[in-house]
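# A structural walkthrough
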Amino acid sequence: MITDLVACLAGMAVLVVAADHFVLGSARLARSLSMSPIVIGAVVLGFGTSAPEMLVSAIAASRGNLALGVGNVVGSNVANLSLVAAVAALLTRMPIAPSVFRREALLSVIAAVAFALVVTGGYVSRLEGLFLALGIVASIVALVVTGRQENHDDEPIDEGHSTGFETLRVTVGLTGTVLAAHFVVTGASGLAGHWGLTGGFIGFSLVALGTSLPELVTTVACARRGE
């Protein structure tokens, strides 16, 4: 049990650091390639900050531990709202732009309803997985199009960074995230067995909290800077 606990906690620690470098390097690399700020925010940073959850759930599903994967999905979303957003609000006042209600809030509701519909049968089929994947493509297109129409610039990202170094940062960060996710799943599965708990409960609580740490750290840093 000690080995599983160490693997899980160490994996989460590496996950936070590796994911942070992966996101930072991706954003700087995208800017150096003259990508639109809207695309950087919606695609690069959006997928980058979701990499820990995506990899942990994918590895768990590939090993047949579907409960852990689904529990991580649900728990991470709960943590993002009840923990990450809450901590940021406690640190500083958070003004909400009107576009959030017109766009992001609507997309969030649609995503929650879609998830509820696909899990009612007791499992998620490949066809339903394809449906959800098409949904993320459609939502990204909608975000990019409406964002350009509103002519909103995201937070500027530091210029003057070496493309080669940032490419290395992205590669190392992604590799570290994948390896860390592997250890998190291995340790969490072992702990669930030792403690007599279901994989879904471990995924919803311990693993979800760990995969949400990159968002928490980033949000706290931005809130302290008033951004």
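Note that this is a predicted model, so its numbers are computed, not measured.

Calculation rules
- Residues numbered from 1 in each chain as written.
- Predicted model: local features only at pLDDT ≥ 70, side-chain atom pairs only at ≥ 80, totals over all residues.
- Heavy atoms only, no water.
- Helix = DSSP H or I, 4+ residues; strand = E, 2+ residues; numbered from the N terminus.
- Buried < 20%, exposed > 50% of the residue type's maximum accessible area, 1.4 Å probe, protein only.
- Areas by Shrake-Rupley, 256 points an atom, 1.4 Å probe, with all protein chains shown as cover.
- Salt bridge = Lys/Arg side-chain N within 4 Å of Asp/Glu carboxyl O.
- Expected span 1.5 Å × (residues − 1).
- Bend = angle between axes of the 7 residues up to and from the residue.
- Core = buried A, V, L, I, M, F, W, Y, C linked by side-chain atoms within 4.5 Å.
- Contact = heavy atoms within 4.5 Å.
- pLDDT = per-residue confidence, 0-100.
- Patch = residues over 30% accessible without salt bridge, like charges linked within 9 Å, V, L, I, M, F, W, Y side chains within 5 Å.

Helix and strand counts for the protein chain come out as eight helices and zero strands. Going residue by residue from the N terminus, the α and β elements of the protein chain occur as α-α-α-α-α-α-α-α. Relative to its full complement of 227 residues, the protein chain shows a buried share of 35%. Entry remark: accessible area of the protein chain is about 12,700 Å², with carbon and sulfur atoms responsible for 71%.

Moving on, we come to the pattern of salt bridges. Scanning the model with the defined rule gives two salt bridges in all. Residue Glu166 is joined to Arg28 by a salt bridge in which the shortest nitrogen-to-oxygen separation is 3.7 Å. You can see Glu166 sitting in helix H6 (residues 163–195) and its partner Arg28 sitting in helix H1 (residues 2–32), a full 138 residues away along the chain. Grouping residues by exposure puts Glu166 and Arg28 together as buried. In this structure, Glu166 and Arg169 form a salt bridge, with 2.9 Å as the shortest nitrogen-oxygen distance.

Next up on the list: helix H3 (residues 66–91). For H3, spanning 26 residues, the distance from its first C-alpha to its last is 36 Å, which sits close to the expected 38 Å at 1.5 Å a residue. Its axis deflected by about 35 degrees at Asn80, H3 carries its strongest bend there.

This brings us to the nonpolar core. Judged by nonpolar contacts, the single largest core of 17 residues is most densely connected at Val56, Leu68, Ala181, Val185, Ala188, Ile202 and Val207. Of all elements in the fold, only H1, helix H2 (37–62), H6 and helix H7 (199–211) reach the threshold of two or more residues within this core. A per-element tally of this core places H6 first, with seven residues. For Val207, the residues in contact, after removing those within four places along its chain, are Met12, Val56, Leu68, Asn72, Val184, Ala188 and Ile202.

Next up on the list: the confidence of the model for the protein chain. Taken residue by residue, the protein chain gives an average pLDDT of 80. The fraction at 70 or more is 89%. Summarising per-element confidence for the protein chain, the mean pLDDT is lowest in helix H8 (residues 213–224) (73) and highest in H3 (86). Note that residues 151–158 has pLDDT below 50 and, in this model, 14 contacts with residues that lie over four places away or in other chains.

To continue, consider a nonpolar patch on the surface. The grouping of Met1, Ile2, Val6, Trp195, Leu197 and Phe201 at the surface amounts to a nonpolar patch, some 600 Å² of accessible area in total. Mapped onto the fold, Met1 is located in the segment before H1.

Quick look at H1 now. For H1, built from 31 residues, the straight-helix expectation of 45 Å at 1.5 Å per residue is met to within 8% by its first-to-last C-alpha distance of 44 Å. Just past H1, the residue Ser34 takes up positive phi, approximately 65 degrees.

Take Arg63: it is sitting in the loop between H2 and H3. Look at Arg63 and you get partly exposed, because its relative accessible area is 42%. Arg63 sits 123 residues away from Thr186 along the chain, and the two C-alpha atoms are 9.8 Å apart. Every residue in contact with Arg63, bar those within four places of it in the chain, is listed here: His182, Val185 and Thr186.

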